[in-house]
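Here is how the chains run, residue by residue.
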Amino acid sequence: MENDQLAQRIRAFRKLKGYTQQKLAERLDVSVAVLGSLERGTRKPDPKLLASIAETLGIEYNELIKISKT
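Below, the structure is looked at part by part. (Residues numbered from 1 in each chain as written. Predicted model: local features only at pLDDT ≥ 70, side-chain atom pairs only at ≥ 80, totals over all residues. Heavy atoms only, no water.)

Turning our eyes to something else, we now look at the overall build of the protein chain. What the protein chain contains, in helices and strands, is five helices and zero strands. Traced from its N-terminal end to its C-terminal end, the protein chain shows the element sequence α-α-α-α-α. In summary, the protein chain has a C-alpha radius of gyration of 11 Å against a globular reference of 11 Å for 70 residues, a match within 12%. Counting across all 70 residues of the protein chain, residues that qualify as buried make up 34%. Partitioning the intrachain contacts of the protein chain with sequence separation of at least 6 by distance along the chain shows that 60% fall at a separation of at least 24. Carbon and sulfur atoms make up 47% of the accessible area of the protein chain, which amounts to about 4600 Å² in all. (Helix = DSSP H or I, 4+ residues; strand = E, 2+ residues; numbered from the N terminus. Rg over C-alpha atoms; globule rule 2.2 N^0.38 Å. Buried < 20%, exposed > 50% of the residue type's maximum accessible area, 1.4 Å probe, protein only. Contact = heavy atoms within 4.5 Å. Areas by Shrake-Rupley, 256 points an atom, 1.4 Å probe, with all protein chains shown as cover.)

In structure tokens form, the structure reads like this:
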């Protein structure tokens, strides 16, 4: 799984839902720094956190981690 593509998907889905980083971080019970590093692709995401992100954003886990080959 490519971190840059995943980071872009997390950011895009967060924005589609209308959440700020602060609001999503609060809902996930993580710091804004953690969420920001995920969205920049500088932090390797924990699968449990990815599942929580997907659930909080109202999307399927597989939809969040889907990575294009192009």
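All told, the structure shown has two salt bridges when counted by the stated rule. A salt bridge links Arg11 to Glu39; the shortest N-O distance between them is 3.9 Å. Taken together, the residues span a long stretch of sequence, with Arg11 in helix H1 (residues 3–17) and Glu39 in helix H3 (residues 32–40) at a distance of 28 residues. Given the relative accessible area of 2%, Glu39 is considered buried. Between Glu39 and Arg14 there is a salt bridge; the shortest N-O distance is 2.5 Å. Taken together, the residues span a long stretch of sequence, with Glu39 in helix H3 and Arg14 in helix H1 at a distance of 25 residues. An identical accessibility class is assigned to Glu39 and Arg14; each is buried. (Salt bridge = Lys/Arg side-chain N within 4 Å of Asp/Glu carboxyl O.)

Further remarks concern the side chain of Arg14. Of the residues examined, Arg14 reaches a relative accessible area of 7% and is grouped as buried. Setting aside its immediate chain neighbours within four residues, Arg14 contacts Tyr19, Thr20, Gln21, Leu24, Leu35, Glu39 and Leu57.

Now for helix H4 (residues 47–57). For an α-helix, 3.6 residues make a turn, and residues three or four places apart therefore share a direction. When H4 is considered as a whole, its buried residues turn out to be Leu49, Leu50, Ile53, Ala54 and Leu57. Projected down its long axis, H4 carries its buried residues within an arc of 140°, all on one side. Structural note: H4 exposes Lys48 and Glu55 on the side pointing more than 90 degrees away from its buried face. Along its buried surface, H4 packs onto H1, helix H2 (21–28), H3 and helix H5 (61–65). For H4, the capping residue at the N-terminal end is Asp46, with a side-chain oxygen 2.9 Å from the backbone nitrogen of Lys48. One or two steps after H4, the chain reaches Gly58, where phi turns positive at roughly 75°. (Arc of directions from axis to C-beta. Polar contact = N/O pair within 3.5 Å; in protein donor to acceptor, adjacent residues only side chain to side chain.)

Keep in mind that these numbers describe shape and distance, not what the molecule does.
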